[in-house]
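Observations on chain architecture
Here are the chains, one letter per residue:
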Number of protein chains: 2
Amino acid sequence: MLKIDMHTHIIPKQIPNFRDKFGYGDFVYLDHHKPGQARMIKGQQFFREIGQNCWDPQIRIDEYAKYHTQVQVVSTIPVMFSYWAQPAHCLEVSRFLNDHIANLVASYPKNYLGLGTLPMHDSLLAVKELERIKHLGLSGIQIGSNVNNQNLHETSFWPIWEACESLGLAVMVHPWEMMGQEHMPKYWLPWLVGMPAETSRAICSMIFGGVFDRYPKLRVNFSHAGGSFFGTLGRIHHGHHCRPDLVAVDNPTAPLEYLNRFWIDCITHDLNALKYILGMLASDKVCLGSDYPFPLGDLEIGDFVAKSDLDDKTKQDIFSRAALAWLHLEANYFE
Amino acid sequence: MLKIDMHTHIIPKQIPNFRDKFGYGDFVYLDHHKPGQARMIKGQQFFREIGQNCWDPQIRIDEYAKYHTQVQVVSTIPVMFSYWAQPAHCLEVSRFLNDHIANLVASYPKNYLGLGTLPMHDSLLAVKELERIKHLGLSGIQIGSNVNNQNLHETSFWPIWEACESLGLAVMVHPWEMMGQEHMPKYWLPWLVGMPAETSRAICSMIFGGVFDRYPKLRVNFSHAGGSFFGTLGRIHHGHHCRPDLVAVDNPTAPLEYLNRFWIDCITHDLNALKYILGMLASDKVCLGSDYPFPLGDLEIGDFVAKSDLDDKTKQDIFSRAALAWLHLEANYFE
């Protein structure tokens, strides 16, 4: 059975020192301080220790073989977005990362598909890079749940949605720059509480801002099973109903009408949570995802779905059909 | 059948102008600009329009009669917490509000139970007021999901938990001062996204900080069915498992071990969401709640539970037994 993991992260083994080059900022580079491991250095501070499965294509393919998963959709690690940088500098970082992923996809066309990254805070540069991304053979882009705290309904992003739609590029929304992180220093709460909220923020912004109506062919996929969105949808829907003067100011249509208008991944870490979501969302909108190779991800690559009592049709939807539809690909692409 | 709504808000009809008295701050007063309605003025700015069911005990009892609900547990509106004020001033506001609720409970003992409010940012004053709250005949306290962005695991709150435990006072945690609100100006997102995250933040802080172990008799109830906690519990539990170096630094016990250690209300606005939670949490930990009289609340006071196919035992748990256990009361208290 074809399996496509549409939520995985990769980074080039060698990254130029953009901080030295540009003379400012928290750009990330890798310090390969021992074999098979590297320190991500953000600005001049240690950010995270990573292993070679963050950059080595063959090791990744081997690890995925254990879970009978042939295809990885790779995107950069969100800390690389660099939306805080000057747009021209963010573009240069983005081009470097996009070229790296394009080369990987060209080298392993049966195993890798790629998502690019953009200077989201400059829509002119972003649209130019989208055209290049299309030309490079990538399948779409990964963007943050907010862009320097601008929400995704903002009109400044409309040219980007329009270009994604006309170029046929898919969009994956990943939480980052988590709300409240400065006040939650302990217990990894920005990752455990802030990230799910970020994803709900992104979904709500795009729904209430009317983005799905304005760009009917835009294909968007939200990380971590939509974050906290589905677990709090009753409240969100009721809020739209009871205070349209606050919520329905740009779009009269209720949130429940959008449930099959976007995709999510299956990263719930819990079969009952996945089943709860499948009670709201069609299974061909729920994609296999893992957040590989990071520990907070599902490093058994959807094994809990494979071993579950979900029916075969549902499993096939999750393992490949949902991602194929999101990416606008046919299954025979990989034959 | 006895029904106790444990999540309702009330405010005195007349509030002193504490801003004039103290000479600073966003203290709230009411501008009764027309019959049966008032403007809440926060500092010098309009905050919210409210109706007389925010302050009139008999109108509230009449409205509740439509939903066959005899008892309301009242607490102040979170905007009244005033934790940002000088502790002595916050204490004065708290005492005023607590006296008002105590008088109400004394006047209508079969219809009202009360929760007090505290200067949470000064544990000495807070503990003194807790003793007074006990003496006044209130059942417990309502507190915010954070206190000036201090999380509820902080040691500064330990004397308060200890006093609640020894005095036998219940604790209700309500979201407020929502993370990220300054960056989500549209679509009521602080209420629809930020509030659920706040409640998960509070639950996670108390679990990971070991509060439930340190104060085994402390009885805590989290608003809005635990906010985003239950919908993202797979991620939270996995985070504790995969990065104990970040999450389990103060408490080795996994989040799932605490599920029946606290109460929540049933405000999901969705029967399937409630059933999903009831798959994790015993029904005697899920209390009837409404957030009355505010529109984002369930103004049919749990009618969706009454009309559901949940079995009678579950309904009785939700309608009264869970709240009785949380409040440490017997059903015959109301006879």
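Predicted model, so just to flag it, every value in this text is computed and none were measured. (Residues numbered from 1 in each chain as written. Chains lettered and ligands numbered in written order. Predicted model: local features only at pLDDT ≥ 70, side-chain atom pairs only at ≥ 80, totals over all residues. Heavy atoms only, no water.)

**A few points about the environment of Asp26(A)**
All names here are of chain A. Quick note on the threshold: A run of H or I in DSSP counts as a helix once it spans at least four residues, and a run of E counts as a strand once it spans at least two, with each numbered from the N terminus. Summary of the burial criterion: residues with accessible area below 20% of their type's maximum are buried, those above 50% are exposed, and those between are partly exposed, where the area comes from a 1.4 Å probe applied to protein chains only.
On the secondary structure map, aspartate 26 appears in the loop between helix 1 (18-22) and strand 2 (28-34). For aspartate 26, a relative accessible area of 39% puts it in the partly exposed group. Aspartate 26 sits 153 residues away from methionine 179 along the chain, and the two C-alpha atoms are 19 Å apart.

**Things to note about the packing of aromatic side chains**
Here a ring pair, both rings aromatic, is described through the centre-centre distance and the interplanar angle of the planes. Residues and elements named next belong to chain A. Heads up, the rule is: A pair of Phe, Tyr and Trp rings is counted when the ring centres sit within 6.5 Å of each other, with Trp represented by its six-membered ring. The angle between the planes then sorts it: under 30 degrees is stacked, over 60 is edge-to-face, the rest tilted.
Inspection of the entire model under this criterion finds 45 aromatic pairs over all chains. Both rings, one in phenylalanine 27 and one in tryptophan 84, keep their centres 4.7 Å apart while their planes meet at 55°; by these two values the pair is tilted. In this pair, phenylalanine 27 is assigned in the loop between helix 1 and strand 2 and tryptophan 84 in the loop between strand 5 (71-75) and helix 3 (87-107), connecting sequence segments 57 residues apart. Residue class for tryptophan 84 comes out partly exposed when judged on its relative accessible area of 31%. Seen from their ring centres, phenylalanine 229 and phenylalanine 262 are 6.2 Å apart, and the 75° between their planes marks the pair as edge-to-face. In this pair, phenylalanine 229 is assigned in the loop between strand 9 (220-222) and helix 8 (233-242) and phenylalanine 262 in the loop between helix 9 (244-247) and strand 10 (263-265), connecting sequence segments 33 residues apart.

**Points about the relation of the copies chain B and chain A**
The test is simple: To line up the copies, we fit them by least squares on C-alpha atoms, keeping just the residues with pLDDT of at least 70 in both. Pairs of residues are marked as contacts when any of their non-hydrogen atoms sit within 4.5 Å.
Expressed as a screw operation, the relation of chain B to chain A combines 0.0 Å of axial shift with a rotation of 180°, fitting to an RMSD of 0.0 Å. In the structure described here, the two chain copies are related by an operation that fits a two-fold rotation axis. The position closest to the rotation axis in chain B is occupied by the C-alpha of Gly231(B), lying 2.2 Å away. Comparing interface residues between copies, 100% of those in chain B also lie at the interface in chain A; the contact surface is shared.

**Observations regarding the pairing of strand 8 (residues 170-174) of chain B**
Residues and elements named next belong to chain B. For clarity, the cut-off: Two strands form a pair only when DSSP identifies at least two bridges running between them. Look down the strands so they point away from you; if the path from the first strand over the helix to the second goes clockwise, the crossover is right-handed.
The buried count for strand 8 comes to five of five residues, which makes it a mostly enclosed element. Every second residue of strand 8 is oriented toward a common face, with Ala170, Met172 and His174 on one face and Val171 and Val173 on the other, all of them buried. In this structure, strand 7 (residues 140-144) lies alongside strand 8, joined through five bridges in parallel fashion. Counterpart to isoleucine 141 in the pairing with strand 8 is valine 171. Assessed by its sense of winding, the connection that carries the chain from strand 7 through helix 5 (residues 158-167) to strand 8 is right-handed. Taken together, the three bridges between strand 8 and strand 9 (residues 220-222) define a ladder with parallel strand orientation.

**Some remarks on the environment of Arg60(B)**
Residue and element names in this part refer to chain B. By the element assignment, arginine 60 lies in helix 2 (residues 57-65). For arginine 60, a relative accessible area of 0% corresponds to the buried category. The spatial distance from the C-alpha of arginine 60 to the C-alpha of aspartate 20 is 31 Å, given a sequence separation of 40 residues. Other than its neighbours up to four places away in sequence, arginine 60 contacts Thr8, His9, Ile10, Asn53, Cys54, Gln72, Val74, Tyr112, Tyr292 and Pro293.

**Digging into the packing of helix 4 (residues 123-136) of chain A against helix 5 (residues 158-167) of chain A**
All names here are of chain A. Inclusion rule: For helices, the fitted line uses only the C-alpha atoms of the stretch in contact; every axis is such a line through C-alpha atoms, and the angle between N-to-C directions lies from 0 to 180 degrees. Between 65 and 115 degrees an angle is taken as roughly perpendicular, under 35 as roughly parallel, over 145 as roughly antiparallel, and anywhere else as oblique. The sense of a crossing depends on the near helix, which, turned anticlockwise from the far helix by less than a right angle, makes the crossing left-handed and, turned clockwise, makes it right-handed. Just so you know the grouping, Ala, Val, Leu, Ile, Met, Phe, Trp, Tyr, Cys and Pro go in nonpolar, Asp, Glu, Lys and Arg go in charged, and all remaining residues, Gly too, go in polar.
Running from N to C, helix 4 and helix 5 point in directions that differ by 15°, and their axes come no closer than 9 Å. For the element pair helix 4 / helix 5, the angle class is roughly parallel. Considering only the axes of helix 4 and helix 5, their crossing is right-handed. Contact residues: Ser123, Ala126, Val127, Leu130, Glu131 and Lys134 in helix 4; Pro159, Ile160, Ala163, Cys164 and Leu167 in helix 5. Residues of the contact of helix 4 with helix 5, tallied by class, amount to eight nonpolar, one polar and two charged.

**A look at helix 2 (residues 57-65) of chain A**
Residues and elements named next belong to chain A. Heads up, the rule is: Throughout, the arc means that of the directions going from the helix axis to the C-beta atoms. Each polar contact in these results corresponds to two N or O atoms within 3.5 Å; when the atoms are within protein, one needs to be able to donate a hydrogen and the other to accept it, and residues that are neighboring in sequence are counted only if both atoms are side-chain atoms.
Listing the buried residues of helix 2 in full gives Pro57, Arg60, Ile61 and Tyr64. What you see down the axis of helix 2 is that its buried residues fit within an arc of 100°, all on one side. The backbone nitrogen of glutamine 58 lies 2.9 Å from a side-chain oxygen of the residue at the head of helix 2, namely aspartate 56.

**Observations regarding the sheet that holds strand 3 (residues 37-42) of chain A**
Residue and element names in this part refer to chain A. Read from one edge of the open sheet, three strands run 2-3-4, paired in antiparallel fashion. Among the strands making up the open sheet, the edge pair consists of strand 2 and strand 4 (45-51). For this sheet, the mean inter-axis angle between neighbouring strands, taken without regard to orientation, is 30°. Bridge analysis of strand 3 against strand 4 gives six bridges, and the strand direction is antiparallel. Residue pairing in the sheet places lysine 42 in a bridge with glutamine 45 of strand 4.

**Overview of the layout of surface pockets**
This is how it is decided: Two kinds of site are reported from a 1 Å grid over the protein atoms alone, namely cavities, where a 1.4 Å probe fits but cannot get out, and pockets, open sets with protein on both sides within 12 Å along at least five of seven lines, and residues are called lining when an atom falls within 4 Å of a point. Grid points are joined across faces, edges and corners, and a volume is the space filled by probe spheres set on the points.
By volume, the largest pocket amounts to about 810 Å³. As for the largest pocket, its lining consists of 39 residues, and the residues nearest its centre are Phe47(A), Arg48(A), Trp188(A), Trp191(A) and Met195(A). For the lining of the largest pocket, the secondary structure elements donating two or more residues are strand 4 and helix 6 (189-208) of chain A. Ranked by the residues each element gives to the lining of the largest pocket, the list is headed by strand 4 of chain A, at six residues. Its residues placed into classes, the lining of the largest pocket shows 24 nonpolar, seven polar and eight charged. The calculated volume of the second largest pocket comes to roughly 690 Å³. Lining the second largest pocket are 28 residues, and of these Phe47(B), Arg48(B), Met178(B), Trp191(B) and Met195(B) lie nearest its centre. Mapped by element, the contributors of at least two residues to the lining of the second largest pocket are strand 4 (45-51) and helix 6 (189-208) of chain B. When residues of the lining of the second largest pocket are assigned to their parent elements, the largest contribution, four residues, is made by strand 4 of chain B. Its residues assigned to classes, the lining of the second largest pocket shows 17 nonpolar, three polar and eight charged.

**A short note on the confidence of the model for chain A**
Just so we agree on the cut-off: The predictor attaches a confidence to each residue, called pLDDT, with possible values from 0 through 100.
Per-residue pLDDT for chain A averages 97, and the proportion of residues at 70 or more is 100%. Two summary scores accompany this predicted model of the complex, namely pTM at 0.98 and ipTM at 0.97.

**So, the interface of chain B and chain A**
It is common to give the size of an interface as the accessible area lost on bringing the parts into contact. For clarity, the threshold we go by: Values labelled buried area give the accessible surface lost by two parts on being combined, using a 1.4 Å probe and summing over both. Think of a salt bridge as a Lys or Arg side-chain nitrogen and an Asp or Glu carboxyl oxygen that are within 4 Å of each other.
Across the contact, 50 residues belong to chain B and 50 residues belong to chain A. Carbon and sulfur atoms supply 68% of the area that chain B and chain A bury against each other, a total of about 4,300 Å² over both sides. One can count two salt bridges joining chain B with chain A. Notably, a salt bridge pairs Asp250(B) with Lys186(A), separated by 2.6 Å at the nearest N-O pair. For the interface between chain B and chain A, the tally reads 16 residue pairs in polar contact (both at pLDDT 80 or more). Secondary-structure elements contributing two or more residues to the side of chain B that touches chain A are helix 6, helix 8 (233-242), helix 9 (244-247) and helix 10 (271-278) of chain B. Considering every element that reaches the side of chain B that touches chain A, the biggest residue donor is helix 6 of chain B, with 12 residues.

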